[in-house]
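Here is what each chain is made of, one letter per residue.
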Amino acid sequence: MAERARRPRRPREEREARPARARKPPRPKAPSRRSEGTGGAFGMTGTRRAAMFAMVLCALALSIAVPLRTYLSQRDELRDVGAEQQKLRETVAALEQRKAQLQDPAYVEIEARKRLHWVRPGETPYIVQLPGDESRNTETERPSGKQAAQGSWYEELWESVTHK
């Protein structure tokens, strides 16, 4: 190792004869983070921290708003579709019950007599008029005086089309 060359020390008088350097005033101590109004964490004042907090809060709210709105609208749509599906199930059940009723020949005959005022050959139809039924138009509800033809339904249909 090379020995260091030591500079000889100058005498005191020589050192003091040199012009004095401008000394800087001593630096004040760095404020502690705990003291109020000094900037706190990251050197920001309370107002700046509040502004930053508000900006972060707004950014979070905006980033959550769109997915939340989508979720809520899909949840409402799912509830509506479920209610509609339940109504359709009830309708299907009612239609299946009606189909089962229409499979019974006795029920079909009762409906034909009630709705269409059909009668069997040889029966005399009567329409009973009750009090309060004056407003009813009985002429349109009466069966025609013609006797039922003995042909099939399609023959009657064909005859009604060709004769008119």
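Residues numbered from 1 in each chain as written. Predicted model: local features only at pLDDT ≥ 70, side-chain atom pairs only at ≥ 80, totals over all residues. Heavy atoms only, no water.

In the annotation of an unreviewed UniProt entry, the protein chain is listed under the name Cell division protein FtsB and assigned to Lentzea waywayandensis.

**Q** I tried to follow the overall build of the protein chain on my own but got confused; where do I start?
**A** When you go through the protein chain residue by residue, the secondary structure sums to 5 helices and 0 strands. Counting from the amino terminus, the protein chain carries its helices and strands in the arrangement α-α-α-α-α. The proportion of buried residues among the 164 residues of the protein chain is 4%. Only carbon and sulfur atoms are counted for the fraction: they give 57% of the accessible area of the protein chain, which is about 16,800 Å². (Helix = DSSP H or I, 4+ residues; strand = E, 2+ residues; numbered from the N terminus. Buried < 20%, exposed > 50% of the residue type's maximum accessible area, 1.4 Å probe, protein only. Areas by Shrake-Rupley, 256 points an atom, 1.4 Å probe, with all protein chains shown as cover.)

**Q** What exactly am I supposed to notice about the UniProt feature "transmembrane region" (unreviewed entry) in the protein chain here?
**A** The positions UniProt marks with the feature "transmembrane region" (unreviewed entry) are residues 50-68. Overall, residues 50-68 shows 100% helix and 0% strand. The separation of its end C-alpha atoms is 26 Å. (UniProt positions renumbered as here; feature names shortened; annotations may be inferred.)

**Q** Can you walk me through the packing of helix α2 (residues 46-102) against helix α3 (residues 105-116) in this structure?
**A** Describing two packed helices takes the angle between their axes plus the distance from one axis to the other. Interhelical geometry of α2 versus α3 gives an angle of 95° and a closest axis separation of 8 Å. One element, α2, and the other, α3, form an angle in the roughly perpendicular class. Seen from α2, the contacting residues are R98, Q101 and L102; seen from α3, they are Y107, V108, E111 and R115. For the contact of α2 with α3, the per-class residue count stands at 3 nonpolar, 1 polar and 3 charged. (Axes fitted to C-alpha atoms, helices over the stretch in contact; angles between N-to-C directions. Parallel < 35°, antiparallel > 145°, perpendicular 65-115°, else oblique. Contact = heavy atoms within 4.5 Å. Nonpolar A, V, L, I, M, F, W, Y, C, P; charged D, E, K, R; others polar.)

**Q** Got a minute to help me understand the packing of aromatic side chains in this structure?
**A** What describes a pair of aromatic rings is the distance from one ring centre to the other and the angle between the planes of the rings. Summed over the entire model, instances satisfying the criterion amount to 1 aromatic pair. Judged by centre distance (5.8 Å) and plane angle (85°), the ring pair of W153 and Y154 falls under edge-to-face. For W153, a relative accessible area of 65% corresponds to the exposed category. (Phe/Tyr/Trp six-rings, centres within 6.5 Å; stacked < 30°, edge-to-face > 60°.)

**Q** Could you clarify how one ought to interpret the pattern of salt bridges in this entry?
**A** Side chains carrying opposite charge are able to pair once their charged atoms draw close together. Applying the stated rule across the entire model yields 6 salt bridges. For the salt bridge of E109 with R120, the shortest nitrogen-to-oxygen distance reads 2.8 Å. Placement of E109 in helix α3 and of R120 in the loop between α3 and α4 (138-141) is noted, with a sequence separation of 11 residues between them. Its salt-bridge partner being E111, residue R115 comes within 2.9 Å of it at the nearest N-O pair. Placement of both R115 and E111 in helix α3 is noted, with a separation of 4 residues, approximately one turn of the helix. Three or more residues joined by partner-sharing salt bridges are found here, namely E109, R113, R120 and E123. (Salt bridge = Lys/Arg side-chain N within 4 Å of Asp/Glu carboxyl O.)

**Q** Can you walk me through the side chain of E111 in this structure?
**A** Judged by its relative accessible area of 10%, E111 falls in the buried class. Residues contacting E111, with those up to four places away along its chain left out, are R98 and L116.

**Q** Help me understand a nonpolar patch on the surface, please; the structure alone is not making it clear to me.
**A** A cluster of nonpolar residues, V56, L60, I64, L68, Y71 and L72, forms a patch on the protein surface that exposes about 560 Å² of accessible area. In this structure, L60 sits in helix α2. Judged by relative accessible area, L60 falls into the partly exposed class, the value being 47%. (Patch = residues over 30% accessible without salt bridge, like charges linked within 9 Å, V, L, I, M, F, W, Y side chains within 5 Å.)

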